[in-house]
Amino acid sequence: MRIAKSLLVEPGKNFWYGTFAVALSVFVFAYSTNFGFVSILVFYGLWLPLILVDYRRVIGNYARFYWVLPFVLLACMSFSWSAAPPVTLRAGIQYLTTIICALIASRIIDARTFAGGVSMGVALVLLYSLGFGQYQYDALDGSYSFVGAFASKNQLGFFASLGVYFAFASFFVLQTSKLWRCIAVVCGLLSAYCLVASSSATSVIATTAILTSTLIVGVVLKFSPKHRRSFFLVGIAVALVLVAVAINAGAIDLVLGAFGKNSTLTGRTYLWQEGFRAAREAPLMGIGYQAYWVQGFSEAERLWAEFYIPARTGFHFHNTYIEVLVELGYVGVVLISVLLGGVVIGFLRRLLMEGYTPQGHLMFGIALLLLIRSFFEIDFIQPYTIGSFLLYYSAGLLAIPQRTPYKMMQPTQLQT
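A brief look at the structure comes next. (Residues numbered from 1 in each chain as written. Predicted model: local features only at pLDDT ≥ 70, side-chain atom pairs only at ≥ 80, totals over all residues. Heavy atoms only, no water.)

1. Thoughts on the overall build of the protein
(1) Moving on: Counting its regular elements, the protein contains 18 helices and two strands.
(2) Moving on: A compact globule built from 416 residues should have a C-alpha radius of gyration of about 22 Å, and the protein, at 21 Å, falls within 12% of that.
(3) Moving on: Viewed in the frame of its principal axes, the protein has a C-alpha envelope of about 55 × 50 × 45 Å.
(4) Moving on: For the protein, the residues scored as buried account for 51% of the 416 residues in total.
(5) Moving on: Across the protein, contacts joining residues at least 24 apart in sequence account for 76% of those joining residues at least 6 apart. (Helix = DSSP H or I, 4+ residues; strand = E, 2+ residues; numbered from the N terminus. Rg over C-alpha atoms; globule rule 2.2 N^0.38 Å. Buried < 20%, exposed > 50% of the residue type's maximum accessible area, 1.4 Å probe, protein only. Contact = heavy atoms within 4.5 Å.)

Encoded structure:
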């Protein structure tokens, strides 16, 4: 029995395989530490063999990713000056292969299939956490939070945020069927419950922000591109004024108080200071990718002890740019900023300059979510994480020439 190539690698026609591959990948991203190396092999098995099916379509012209790949290449090369060369080399290769799989997905999975896959994957992740999860005591603020099957409430909150956003997008961004919207409601309610249970301030605030932004963008997109640009400029000015007024009125303290936080953001400001101090050792190129949080290194051991991390793993500076500054220096910060900024600005430009595309609307919300979280988490600079996959999938969509109108690429399976 032969399977048509289009059922595997042609956007729209590969709906069933694409949804399955994305959903299973999301589950692996969530629990690869639980299931080990076998789960990683499953992830690779979903994407890399597609190169053998149709290498021209799957690989394409990688010269188009000239602005996408420099950060990961720097991470891989940093083993040559790393404080822990074996750790850096291994992590760099893992990160690179994760990115290659994300870029393959960007070439063969359209936005609607991707949205369906992420929604189903998040639902599986949250159901697993509800079935096998637990509450965790936070020694810093004295509270208990539901962390599910994760080690951190913020990771559970991130997946819940994605579930809420894609359920929301099924109604206000994508043209989906009544059946799919019924499924989206269930996924959305499950995600909203887990989001509240996680008590993750970062996730709740970021989710609220992107839902609001997506609604506003949806209204603005009803106008012509010329008027959209005018509304955008006015909106930016109004937003800056409102933010300034809110800060002066003490809104930050009110928001933090609502989540039981204080001005130190549960120790984050101290961590940031420690990060800046550590970055002075190698400000230009850093100490090597993932070469700081290494067992046996005195500074990492000290911070693990101060923040009650007995496992001595899975910790970071809670800020993407500070983490990169320590590991890859100012060069790394510039490259990761170019990547994330290119994705945010790229989709914003499409929304403001071109005709309406649900793909651009959907992915702009994802880019905005990653941008907001980047100041408090490190979602997309590690291998085998949903944040890395989302960022590079988004970047891959921007790098691919848009020859076909999006309306011609709608998978009929979501509309029957």
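Still to come is the rest of the account.
2. A look at the environment of valine 26
(1) Moving on: Within the secondary structure, valine 26 is located in helix H2 (residues 15-35).
(2) Moving on: For valine 26, a relative accessible area of 1% puts it in the buried group.
(3) Moving on: Excluding its chain neighbours within four sequence positions, the residues that come into contact with valine 26 are Val118, Gly121, Val122, Val125, Phe159 and Ile386.

3. Remarks on a nonpolar patch on the surface
(1) Moving on: Together, Phe171, Phe172, Val185, Leu189 and Leu215 make up an exposed nonpolar region whose accessible area comes to about 470 Å².
(2) Moving on: In this fold, phenylalanine 171 is placed in helix H9 (residues 153-172).
(3) Moving on: By relative accessible area, which is 35% here, phenylalanine 171 ends up partly exposed. (Patch = residues over 30% accessible without salt bridge, like charges linked within 9 Å, V, L, I, M, F, W, Y side chains within 5 Å. Areas by Shrake-Rupley, 256 points an atom, 1.4 Å probe, with all protein chains shown as cover. Salt bridge = Lys/Arg side-chain N within 4 Å of Asp/Glu carboxyl O.)

4. Thoughts on unusual backbone geometry
(1) Moving on: Unlike most non-glycine residues, arginine 312 shows phi in positive territory, near 55°.
(2) Moving on: Looking at the element boundaries, arginine 312 is found in the loop between helix H15 (298-306) and helix H16 (320-353).
(3) Moving on: The class of arginine 312 is partly exposed, set by a relative accessible area of 32%.
(4) Moving on: With phi around 55°, tyrosine 384 is a residue other than glycine that occupies positive phi space.
(5) Moving on: Along the chain, tyrosine 384 turns up in the loop between helix H17 (358-373) and helix H18 (386-399).

5. What to know about the pattern of salt bridges
(1) Moving on: All told, the structure shown has 10 salt bridges when counted by the stated rule.
(2) Moving on: Across the salt bridge formed by arginine 277 and glutamate 299, the nearest N and O atoms sit 2.7 Å from each other. Placement of arginine 277 in helix H14 (residues 268-279) and of glutamate 299 in helix H15 is noted, with a sequence separation of 22 residues between them.
(3) Moving on: Shared partners join several salt bridges into a network, and the residues in it are Glu274, Arg277, Glu299, Arg302 and Glu306.

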